[in-house]
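For reference, the chains in residue letters:
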Amino acid sequence: MESRLKMLNAVKYVGGTILAIGISIFLYGFFVSDYSTITGIGIGTVMGAVFIFMMGVFFVATEEMQEKVDKGIRVIQ
């Protein structure tokens, strides 16, 4: 349980940090800069942060399901 909680917290902090950076890049590109490329980079960064968070949650859920499943092959006679 401890390792899953640590991984979930790490994913949460990394995803939140990248999300904040992506939102700030997007807002800068949309309102301040004349270059539309910066807006696209901001959107891509936000999408990357969401992807990192979803993959981290998926890995934690997969690890938990692996622990709960009986291992081995059942032979029915």
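Attention here is on the structure that accompanies the text.

Thresholds, definitions, all that
In every chain, residue numbers begin from 1 and rise along the written sequence. Predicted model: local features are reported for residues with pLDDT of at least 70 only, side-chain atom pairs are reported and counted for 80 or more only, and whole-chain, interface and lining totals are derived from all residues. The side-chain values count all of the structure's non-hydrogen atoms but skip hydrogen atoms and water molecules. Put simply, DSSP marks the helices as runs of H or I at least four residues long and the strands as runs of E at least two long, and each gets a number from the N terminus on. The buried label applies to any residue whose accessible area, calculated with a 1.4 Å probe on protein chains only, is under 20% of its type's maximum; exposed applies above 50%, and partly exposed to all values in between. Note on contacts: a residue pair qualifies if any of its non-hydrogen atoms lie within 4.5 Å across the two residues. Note on definitions: angles span 0 to 180 degrees between N-to-C directions of axes, and those axes are lines fitted to C-alpha atoms, for helices only across the stretch in contact. In this scheme, roughly parallel covers angles under 35 degrees and roughly antiparallel covers those over 145, while 65 to 115 is roughly perpendicular and the rest are oblique. Residues are grouped as follows: Ala, Val, Leu, Ile, Met, Phe, Trp, Tyr, Cys and Pro are nonpolar; Asp, Glu, Lys and Arg are charged; every other residue, Gly included, is polar. Here, patches come from residues exposed beyond 30% relative accessible area and free of salt bridges, joined within 9 Å for like charges and within 5 Å for nonpolar side chains (Val, Leu, Ile, Met, Phe, Trp, Tyr). Shrake-Rupley sampling with a 1.4 Å probe provides the accessible areas, and residues are treated as covered by the protein chains on show and by no other component. Each reported salt bridge corresponds to a side-chain nitrogen of Lys or Arg within 4 Å of a carboxyl oxygen of Asp or Glu. Helix span is expected to be 1.5 Å times the residue number reduced by one.

What follows is about the overall build of the protein. Each helix and strand counted, the protein has 2 helices and 0 strands in total. Going through the 77 residues of the protein one by one, you find that 16% of them count as buried. Long-range pairs, those at least 24 residues apart, make up 58% of the contacts in the protein with a sequence separation of at least 6.

Taken N-terminus to C-terminus, the directions of helix α1 (residues 2–32) and helix α2 (residues 36–68) make an angle of 170 degrees; their axes are 7 Å apart at the nearest point. Taken together, α1 and α2 sit at an angle that is classed as roughly antiparallel. A breakdown of the residues in the contact of α1 with α2 according to their chemical character gives 21 nonpolar, 8 polar and 5 charged.

A cluster of nonpolar side chains, Leu8, Leu19, Ile23, Leu27, Tyr28, Phe30, Phe31, Val32, Val50, Phe53, Met54 and Val57, forms an exposed patch at the surface whose accessible area comes to about 1,100 Å². Contributing elements (two or more residues each) for the nonpolar patch: α1 and α2. A per-element tally of the nonpolar patch places α1 first, with 8 residues. Assignment of secondary structure puts Leu19 in helix α1.

Moving on, we get to the side chain of Arg4. Following the sequence through the fold, Arg4 ends up in helix α1. Arg4 sits in the buried class, given a relative accessible area of 11%. Setting aside anything within four residues of it in sequence, one finds Arg4 in contact with Val60, Glu63, Glu64 and Glu67.

Taking 1.5 Å of rise per residue, 33 residues should cover 48 Å, and α2 covers 49 Å from first to last C-alpha, within 8% of that figure. Along α2, the positions that sit buried rather than exposed are Thr39, Gly42, Thr45, Ala49, Gly56 and Val60. Where α2 is buried, its residues meet α1.

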